[in-house]
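If you want the building blocks of each chain, they are given just below.
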Amino acid sequence: MSKLILSLLITVVFIFIANTDFWLATKPQAGKNDKVQVIKQSNYVQVARFIKSKEAFRSKAYKCSAGKLTIGYGHVIRSGESLTSITKHQADSIFLIDFEKAYKSVRKLGISNPDSARVLASFTFNCGIEATKKVVRSGNLSNIKKYCYAKGKRLKGLMIRRNQEFSMLKSPQYVAIN
């Protein structure tokens, strides 16, 4: 029962976050005009929306391009899970859990910048933590672009996704990854 309540709470929080932009208003600096400065606080919503747009919602279990049984927003069905169909609300809850798990795994690799960690969590969400470890340990984040293959075949959609993730990592907001 407590897992259901937690799941519902997470869903409600995500729906609120997804429909709200996080903005932080600050007082103007001395000597500046009297306008309030608005600073974007987090890329959480941006990255979550990015992942969900790439994964797309599927209510029925299917095999992804890598041949893994998947449902919802790219959730790989693990042994012991008996998911064959799912609602959007259930998929949102599972997505949040999967995204948070990927984020925490990236942070354990020593990525201290939360925005960079979230972008790398997108990569992890799609390719797994072992691939992320290889990229981070290489010291060259452009290596994420090499992960655009499924079953030995180069996929255009994965090439686009990797280029978009790399662009997010290169932008000034995400430059410092350690």
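The structure we're discussing is the one just above.
Summarised in this report is the structure supplied together with it. (Residues numbered from 1 in each chain as written. Predicted model: local features only at pLDDT ≥ 70, side-chain atom pairs only at ≥ 80, totals over all residues. Heavy atoms only, no water.)

### What about the sheet that holds strand β4 (residues 69–72)?
Here is the rule we go by: What makes two strands pair is DSSP finding at least two bridges between them. Only runs of H or I of at least four residues qualify as helices and only runs of E of at least two qualify as strands under DSSP, and these elements are numbered from the N terminus.
Taken together, the three strands give an open sheet; going across it, the order is β3-β4-β5, and neighbouring strands pair in antiparallel fashion. Unpaired on one side and paired on the other, β3 (58–63) and β5 (75–76) mark the two borders of the sheet. Where β4 meets β5, two bridges bridge the pair, whose relative direction is antiparallel. In the sheet register, Thr 70 faces β5, and the bridge partner there is Val 76.

### Some details on helix α5 (residues 129–138)
Keep this limit in mind: Only protein chains enter the calculation, and the probe is 1.4 Å; a residue is then buried if its accessible area is under 20% of its type maximum, exposed if over 50%, and partly exposed in between. Here the arc refers to the set of directions running from the helix axis out to each C-beta atom. Contacts are residue-level and defined by heavy atoms, with any inter-residue pair within 4.5 Å sufficient.
The complete set of buried residues in α5 reads Ala 131, Thr 132, Val 135 and Val 136. Buried positions in α5, seen along its axis, are confined to an arc of 130° and lie on one side of it. Exposed positions of α5 whose direction lies more than 90 degrees from the buried face are Lys 134 and Arg 137. Residues of α5 that are buried make contact with α3 (88–107) and α4 (114–127). Positive backbone phi, approximately 75°, marks Gly 139, located one or two places after α5.

### Points about the packing of helix α2 (residues 44–55) against α4
Keep this limit in mind: Every axis in this analysis is a line fitted to C-alpha atoms, fitted for helices over the stretch in contact. Angles between the N-to-C directions lie between 0 and 180 degrees. For classification purposes, angles smaller than 35 degrees are called roughly parallel, those larger than 145 roughly antiparallel, those between 65 and 115 roughly perpendicular, and all remaining angles oblique. Each helix crossing is assigned a hand: it is left-handed if the near helix lies turned anticlockwise from the far helix by less than a right angle, otherwise right-handed if that turn is clockwise. Charged means Asp, Glu, Lys or Arg here, nonpolar means Ala, Val, Leu, Ile, Met, Phe, Trp, Tyr, Cys or Pro, and polar covers whatever is left, Gly included.
Between α2 and α4, the least distance of the axes is 9 Å, while the angle of their chain directions is 20°. As summarised for this structure, α2 and α4 are arranged roughly parallel, according to the angle between their axes. The chirality of how α2 crosses α4 is right-handed. Seen from α2, the contacting residues are Tyr 44, Val 47, Phe 50, Ile 51 and Glu 55; seen from α4, they are Arg 118, Val 119, Ser 122, Phe 125 and Asn 126. Tallied by class, residues from the contact of α2 with α4 come to six nonpolar, two polar and two charged.

### Thoughts on unusual backbone geometry
Backbone geometry at Ala 56 places phi at a positive 60°, although glycine is not the residue there. On the secondary structure map, Ala 56 appears in the loop between α2 and β3. For Ala 56, a relative accessible area of 34% corresponds to the partly exposed category. A positive phi is found at Lys 151, a non-glycine position, where the angle reads about 55°. By the secondary structure assignment, Lys 151 is in the loop between β6 (149–150) and β7 (153–154).

### Section: the pairing of β4
In this sheet, β4 lies alongside β3 in antiparallel orientation, the contact comprising three bridges. Considered in β4, the bridge of Lys 63 is made with Leu 69. Between β3 and β4, which pair antiparallel one after the other, the connecting turn spans five residues, and Gly 67 there sits at a positive phi close to 85°.

### Quick look at the pattern of salt bridges
Applied cut-off: Each reported salt bridge corresponds to a side-chain nitrogen of Lys or Arg within 4 Å of a carboxyl oxygen of Asp or Glu.
According to the stated counting rule, one finds six salt bridges in the structure shown. A salt bridge links Asp 115 to Arg 118, with the shortest nitrogen-to-oxygen separation between them at 2.9 Å. A residue pair is termed a helical-turn pair when its members lie 3 or 4 positions apart in one helix, as Asp 115 and Arg 118 do in helix α4 at three residues. On the accessibility criterion, Asp 115 (12% relative accessible area) is buried. Of the charged contacts in the structure, one is a salt bridge between Glu 130 and Lys 133, with a shortest N-O distance of 3.2 Å. One end of the pair, Glu 130, and the other, Lys 133, are both in helix α5, three residues apart, so they sit about a helical turn from each other. Via salt bridges that share partners, Glu 55, Arg 161, Arg 162 and Glu 165 belong to a single interconnected network.

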